[in-house]
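# What the coordinates show
Listed below are the residues making up each chain.
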Amino acid sequence: MDTVLQELANDHDPNSALRLTNFPDWLYLLREFDYIYRYGSAGGSKLIRSHRRHVRQTLSRIIEANAEVCLRQPTPKPVTAHLNRALDLGDRGAVAGISKALRNLSGHLAWEYGYEKVPRSLTQKYAYCEIAGPRGPVMTNQIVLGFVLFAPKTTYPQHSHNDIEESYISVAGSWSENDAAVHAPGSLILNHPGHEHRITTADLEPCLLAYAWLGPEHKLHDPGMKLRR
């Protein structure tokens, strides 16, 4: 955490919570999430259009409420050695705004795995960071927003999310889900609750995905993430 943010966190009135307006870079990042869910195509799908609208409406409530911000200790993982390259790719891609907004916060992100047991090979090639959700830093019980980073030539094993509707929007790099198609920057894929999916990434470049989870509050707090064999 840099000096300015640390001083702000230490010096604020303990009777008043720190809010989004105290942290413009986090607010700008949420607005970029709103932008990619507002102006991206639904491809004619009513379900995707509905999902996009739900994400936008939830984001609007969070921003209008000037949500509480609880800063987390920055935590790198081995895969974050690829983050700068992913952001370089994102800066010249279809959703450059969100890539640039994330770059401004790249030193303040808490990267994690989310599983009790993670294959050793995957610990070197994958991690995610939550931007808004029950664990913060932007506090909300209505949605989880974040980013997933993959190293080149990664296989993210089969998994699903019970009671959670999940979307990915490509920020940088190309990837495939269930070997069904290749997704380029700007594309969105929607996974319905319980849908089994497996992700693979390109051989030479990292992949960065923005994600949104919608579901019951208790599931957003404790999604019970498990990888299949």
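Described in the following lines is the structure provided in the data block.

Cut-offs used in this document
Residues numbered from 1 in each chain as written. Predicted model: local features only at pLDDT ≥ 70, side-chain atom pairs only at ≥ 80, totals over all residues. Heavy atoms only, no water. Pairing = 2+ DSSP bridges. Helix = DSSP H or I, 4+ residues; strand = E, 2+ residues; numbered from the N terminus. Salt bridge = Lys/Arg side-chain N within 4 Å of Asp/Glu carboxyl O. Buried < 20%, exposed > 50% of the residue type's maximum accessible area, 1.4 Å probe, protein only. Axes fitted to C-alpha atoms, helices over the stretch in contact; angles between N-to-C directions. Parallel < 35°, antiparallel > 145°, perpendicular 65-115°, else oblique. Left-handed = near helix turned anticlockwise from the far one by under 90°. Contact = heavy atoms within 4.5 Å. Nonpolar A, V, L, I, M, F, W, Y, C, P; charged D, E, K, R; others polar. Core = buried A, V, L, I, M, F, W, Y, C linked by side-chain atoms within 4.5 Å. Arc of directions from axis to C-beta.

### Thoughts on the sheet that holds strand S7 (residues 175–177)
Paired through their backbone hydrogen bonds, the strands of a sheet run either parallel or antiparallel. Across the sheet, 4 strands lie side by side as S5-S10-S7-S8; this open sheet has antiparallel pairing. Strand pairing shows two members of the sheet lacking a second neighbour, strand S5 (155–159) and strand S8 (182–183), which therefore form its edges. Pairing geometry for S7 and S8, over 2 bridges, is antiparallel. The partner of Trp-175 across the bridge, within S8, is His-183.

### Observations regarding the pattern of salt bridges
Using the criterion set out here, one finds 7 salt bridges in the structure. Between Glu-112 and Arg-135 there is a salt bridge; the shortest N-O distance is 2.9 Å. Pair noted here: Glu-112 is in strand S1 (residues 111–112) and Arg-135 is in the loop between strand S2 (126–133) and strand S3 (138–139), with a separation of 23 residues, a long-range link. Take Glu-112: its relative accessible area is 14%, and that puts it in the buried class. According to the relative accessible area criterion, Arg-135 is partly exposed, its value standing at 39%. Beyond isolated ion pairs, a larger network of salt bridges with shared partners links Arg-72, Glu-112 and Arg-135.

### Some remarks on the packing of helix H2 (residues 24–39) against helix H3 (residues 46–64)
It is at 9 Å that the axes of H2 and H3 come closest, and there the two elements cross at 155 degrees. It follows that H2 is roughly antiparallel to H3 by the angle criterion. Once H2 is placed against H3, the crossing between them reads as left-handed. Judged by residue contacts, Leu-27, Leu-30, Arg-31, Phe-33, Asp-34, Ile-36, Tyr-37 and Arg-38 of H2 engage His-51, Arg-52, Val-55, Arg-56, Leu-59, Ser-60, Ile-62 and Ile-63 from H3. Considering only residue class, the contact of H2 with H3 consists of 9 nonpolar, 2 polar and 5 charged.

### Considerations on unusual backbone geometry
Residue Gly-136 is joined to Pro-137 through a cis peptide bond whose omega torsion reads 10 degrees. Here Pro-137 lies in the loop between S2 and S3. The phi angle at Asn-66 is positive, at roughly 50 degrees, despite the residue not being glycine. Assessed through its relative accessible area of 22%, Asn-66 is described here as partly exposed.

### Regarding the nonpolar core
Within the largest apolar cluster, 68 residues are counted, with the highest numbers of intra-cluster contacts made by Leu-29, Tyr-126 and Phe-147. Of the residues forming this core, the biggest block, 8 residues, is contributed by strand S11 (residues 207–214).

### Some remarks on helix H4 (residues 83–91)
Think of an α-helix as turning once every 3.6 residues; residues three or four places apart then point the same way. Listed as buried for H4 are Leu-83, Ala-86, Leu-87, Leu-89 and Gly-90. All buried residues of H4 fall inside an arc of 160 degrees around its axis, so they share one side. On the buried face of H4, the contacting elements are helix H5 (96–103), S1, strand S4 (144–150), strand S6 (165–172) and S11.

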